[in-house]
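# An overview of the molecular structure
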Amino acid sequence: MQYKRILLKLSGEALMGEKQYGIDPERLAEYAEEIKEVADKGVEVAIVIGGGNIFRGLTGAATGMDRVQGDHMGMLATVINGLALQSALEITGVQTRLQSAIQINEVAEPFIRRRAMRHLEKGRVVIFGGGTGNPYFTTDSAAVLRAIEIEADVILKGTRVDGIYTSDPEKDKNATKFDTISFADVLLKGLKVMDTTAFTLSQENELPIVVFDMNKRGNLLKLVEGHNIGTVVNL
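Residues numbered from 1 in each chain as written. Predicted model: local features only at pLDDT ≥ 70, side-chain atom pairs only at ≥ 80, totals over all residues. Heavy atoms only, no water.

## Focus: the overall build of the protein
Selection rule: Secondary structure is summarised from DSSP: a helix means a run of H or I of at least four residues, a strand means a run of E of at least two, and numbering begins at the N terminus for each. We take the radius of gyration over the C-alpha atoms and set the globule estimate at 2.2 Å times the residue count to the 0.38 power. Contact definition: two residues touch when any of their heavy atoms are within 4.5 Å. Throughout, the Shrake-Rupley method with a 1.4 Å probe supplies accessible areas, and for residues the shown protein chains are the sole cover considered. Under the counting rule used here, the positive set is Lys and Arg, the negative set is Asp and Glu, and His together with the chain ends is not counted. Where a charge lies is defined by one atom per residue type, namely NZ (Lys), CZ (Arg), CG (Asp) and CD (Glu).
Secondary structure assignment for the protein yields eight helices and 11 strands. Its C-alpha atoms give the protein a radius of gyration of 17 Å, near enough to 18 Å, the size a compact globule of 235 residues would have. Projecting the C-alpha coordinates of the protein onto the three principal axes gives extents of approximately 50 × 45 × 35 Å. Sequence-distant contacts in the protein: of pairs separated by 6 or more residues, those separated by 24 or more amount to 71%. As presented, the protein carries roughly 11300 Å² of accessible surface, and 49% of it is formed by carbon and sulfur atoms. Within the protein, the 31 negative side-chain charges are centred at a point lying 2 Å from the centre of the 27 positive side-chain charges.

Structural data, given as structure tokens:
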């Protein structure tokens, strides 16, 4: 395996599948199977999920809602998604722990770094919910922060496209894909990988990011095995 410990970042929208809102049980089951394959190979897996399929703080703020309250609703949405993925993983026989950055003791463990790392060492998948626990920070920032804290080897950002392109491949047919690209070039070319806060934090801590298509069956396993999947962002 190319990586021993990974942080998988999934967007909330990814869980919608073909739906317009909420959680698609089929997509959830597919993701659970993909993650199980990797965990069964001995790779330690931590996961951060967004909440955009349920609620986004920015969307609430745009309609006049208080931004902080909106972000708190978004954090709760990530916990809901975390519970759904935890259930799907446990159905496949994968031991899973959900840790939340906000205290919901009846639902999830509080985030404790040493406990999270111990779970990973024991072969459990750890899902981090609640974002960073602070408003104004995205789940991309939460993913980078948790990856650094648990000493992950890499962040794997699962998306709908198979890497980073010169422009949006869904809009521009002439867009070309990068196999590897530096942090500096991403910023120079104005490419959108993560929000600036998350991306800079990853760059400063020399934590590589791989952007790949999570919806293509087998991609996650191939990636951790060392195949040339997606785009690698490094120094």
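## As for unusual backbone geometry
Filter applied, for reference: Classification of residues uses two cut-offs on accessible area relative to the type maximum, computed with a 1.4 Å probe and protein chains only: under 20% is buried, over 50% is exposed, and between them is partly exposed.
Although it is not a glycine, Tyr-136 adopts a positive phi angle of roughly 75°. Its identity is not glycine, yet Glu-206 carries a phi of approximately 55°, on the positive side. Position of Glu-206 among the secondary structure elements: in the loop between α7 (196-204) and β10 (209-213). On the basis of relative accessibility, which here comes to 57%, the residue Glu-206 falls in the exposed class.

## Details of the sheet that holds strand β4 (residues 109-110)
The condition is simple: A pair of strands is labelled paired if DSSP reports no fewer than 2 bridges between them.
Reading across the sheet, the nine strands line up as β4-β3-β5-β2-β1-β6-β10-β11-β9 and stay open at both edges, with mixed pairing between neighbours. Among the strands making up the open sheet, the edge pair consists of β4 and β9 (180-182). Two elements, strand β3 (residues 96-100) and strand β5 (residues 125-129), share five bridges in a ladder whose sense is parallel. Within the sheet, the bridge partner assigned to Gln-99 lies in β5 and is Phe-128.

## Brief notes about the UniProt feature "binding site: ATP" (unreviewed entry) in the protein
We count it as follows: UniProt positions are given in the numbering used here, feature names are shortened, and annotations may be inferred rather than shown by experiment. Within 3.5 Å is the distance limit for a polar contact, defined as a pair of N or O atoms, with the added protein rule that one can donate a hydrogen and the other accept it, and that residues adjacent in sequence qualify only through two side-chain atoms.
UniProt feature "binding site: ATP" (unreviewed entry): in the numbering of this structure it lies at Lys-9, Leu-10, Ser-11, Gly-12, Gly-52, Arg-56, Thr-159, Tyr-165 and Asp-168. A maximum C-alpha distance of 25.8 Å is found for the annotated residues, which run over 160 residues; spatially they are spread out rather than grouped. Secondary-structure assignment places Arg-56 in the loop between β2 (44-49) and α2 (57-62). Classification of Arg-56 by relative accessible area gives partly exposed; the value is 43%. Only 2.5 Å separates the side chain of Arg-56 from the side chain of Glu-13, close enough to count as a polar contact. Mapped onto the elements of the fold, Asp-168 is located in the loop between β7 (164-165) and β8 (177-178).

## Looking at the side chain of Thr-92
Within the secondary structure, Thr-92 sits in the loop between α3 (67-91) and β3. The buried category is assigned to Thr-92, whose relative accessible area is 18%. A distance of 2.6 Å separates a polar atom in the side chain of Thr-92 from the backbone oxygen of Leu-89. Once residues lying within four places of it in the same chain are set aside, the contact partners of Thr-92 are Ala-32, Glu-33 and Lys-36.

## As for helix α1 (residues 25-40)
As a reminder of what qualifies: A helix is expected to span 1.5 Å multiplied by its residue count minus one. The reported arc concerns the directions from the helix axis to the C-beta atoms and nothing else.
With 16 residues, α1 should reach 22 Å at 1.5 Å per residue; the first-to-last C-alpha distance of 22 Å fits that figure. Within α1 the residues assigned to the buried category are Arg-27, Leu-28, Tyr-31, Ala-32, Glu-34, Ile-35, Val-38 and Ala-39. Angularly, the buried residues of α1 cover 165° about the axis, an arc narrow enough to put them on a single face. Opposite the packed face of α1, turned more than 90 degrees from it, sit the exposed residues Pro-25, Glu-26 and Asp-40. Packing partners of the buried residues in α1 comprise β1 (5-10), β2, α3, β5 and α8 (219-225). Regarding α1, its N-cap is Asp-24, as a side-chain oxygen of that residue lies 3.1 Å from the backbone nitrogen of Glu-26 further along. After α1 finishes, the residue Gly-42 shows a positive phi value of roughly 95°.

## Notes on the nonpolar core
Definition in use: Residues grouped as a nonpolar core are buried Ala, Val, Leu, Ile, Met, Phe, Trp, Tyr and Cys residues, joined through side-chain atoms within 4.5 Å.
If you look at the biggest cluster of nonpolar residues, it comprises 37 residues, and the most contacted ones within it are Ile-6, Leu-8, Ile-35, Ile-47, Leu-89 and Leu-156. When contributions to this core are tallied by element, the ones reaching two or more residues are β1, α1, β2, α3, β5, β6 (154-159), β10 and α8. Counting residues per element, this core draws most heavily on α1, at six residues. Discounting chain neighbours no more than four positions away, the residues touching Ile-35 are Leu-8, Val-45, Ile-47, Leu-85, Leu-89, Val-125 and Leu-220. Listed in part, the 29 residues of the second largest apolar core include Ala-116, Ala-142, Ala-152 and Ile-164.

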